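A structural walkthrough
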Amino acid sequence: MPTSLHPFFLLILFSSVFSADEIQLIIVNNCNETVWPGILGTAGHPTPNNGGFRLCSGEEAVLQLPNRWSGRIWGRQGCCSDQKTGKFSCQTGDCSGLLQCMGTGGIPPATLVEMTLGTPKSPLHFYDVSLVDGFNLPVSMVPIGGGIGCGVAACEADLNVCCPSNLVVKRQGKVVGCKSACLASKSDRYCCTGGYANPKMCKPTPFGHLFKAICPRAYSYAYDEATGLKTCRAPRYVISFCPPK
């Protein structure tokens, strides 16, 4: 008599049909609202799913990426199509009013998951969760099957709750994002540009220290490699929006 399989085991069976030369991303939406993931491949790299799709609360999607892929993923929230014009837009992370971002990055503030899955000189995967462009949604990237030494990149807390008033982004009276100091000031000092474009001159701001205290496993400013950048060599990774704390 046939028996049904738990979705987790179905996922493992589904995963086994893919090539060992590819890396699998499992994108999960644990938020209480729909999230529209945006995807952007670094120059010279493909952009899966044409750069975006809808992911309802409780749903997950599987992306198959080639070795050495490089790019970023972020969550868009509060997205809808205008009934009169038909134009698609999002409260945070919007990419030029497109459902599928098609090579366009998201408008900050947005929490970014950045990754380089191997290079010609190194088989290691490098990845991070970045608050350099601000925050909109909690997110994590967790390796599956990578072994000892693989790190978890994450900002699991809701920074919107404790965002300083001068960094708050509101839509329809609701706080939906928190700017970084760079985004708010656009100064070389806070953006690590110009004369501050090196780790000796560019130091974390008081806001960067706040972000780091709440999200210690995320990049808080441009030169936060020591604790922000993670490495691994896993066959698959789970990217969770609103991950369990």
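Heads up: the structure comes first, above all this text.
Here we summarise the structure given alongside this text. Predicted, not measured: the structure shown is a model, and the values here were computed from it. (Residues numbered from 1 in each chain as written. Predicted model: local features only at pLDDT ≥ 70, side-chain atom pairs only at ≥ 80, totals over all residues. Heavy atoms only, no water.)

**Here's the deal with helix α4 (residues 206-214)**
Within α4, the full set of buried residues consists of Gly208, Phe211 and Lys212. Buried residues along α4 cover an arc of 100° about the axis, so they all sit on one side. Facing away from the buried side of α4 by more than 90 degrees, the exposed set consists of Pro206 and Ala213. Against the buried residues of α4 lie β12 (174-178) and α5 (225-228). (Buried < 20%, exposed > 50% of the residue type's maximum accessible area, 1.4 Å probe, protein only. Helix = DSSP H or I, 4+ residues; strand = E, 2+ residues; numbered from the N terminus. Arc of directions from axis to C-beta. Contact = heavy atoms within 4.5 Å.)

**A short note on the state of the cysteines**
One pass over the full model with this rule turns up eight disulfides. The side chain of Cys150 participates in a disulfide bridge whose partner is Cys232; the two sulfur atoms lie 1.9 Å from each other. Judged by the sign of its S-S torsion, about 80°, the cystine formed by Cys150 and Cys232 is right-handed. Of this pair, Cys150 sits in the loop between β9 (139-144) and β10 (153-155) while Cys232 is found in strand β13 (residues 230-232), placing the two residues 82 residues apart along the sequence. With a sulfur-sulfur separation of 1.6 Å, Cys192 is cross-linked through a disulfide to Cys202. With a gap of 10 residues between them, Cys192 in the loop between α3 (188-191) and α4 and Cys202 in the loop between α3 and α4 connect regions that are remote in the sequence. The thiol sulfur of Cys56 is not disulfide-bonded, and the nearest other cysteine sulfur, from Cys79, lies at 12 Å. (Disulfide = S-S within 2.5 Å.)

**Things to note about the sheet that holds strand β14 (residues 236-241)**
Taken together, five strands build an open sheet; the order of strands is β3-β1-β14-β9-β10 and the sheet is mixed. Among the strands making up the open sheet, the edge pair consists of β3 (60-66) and β10. Each strand axis lies, on average, 20° off the axis of its neighbour in the sheet, ignoring direction. Where β9 meets β14, six bridges bridge the pair, whose relative direction is antiparallel. Bridging across to β14, Val139 finds its partner in Phe241. (Pairing = 2+ DSSP bridges. Axes fitted to C-alpha atoms, helices over the stretch in contact; angles between N-to-C directions.)

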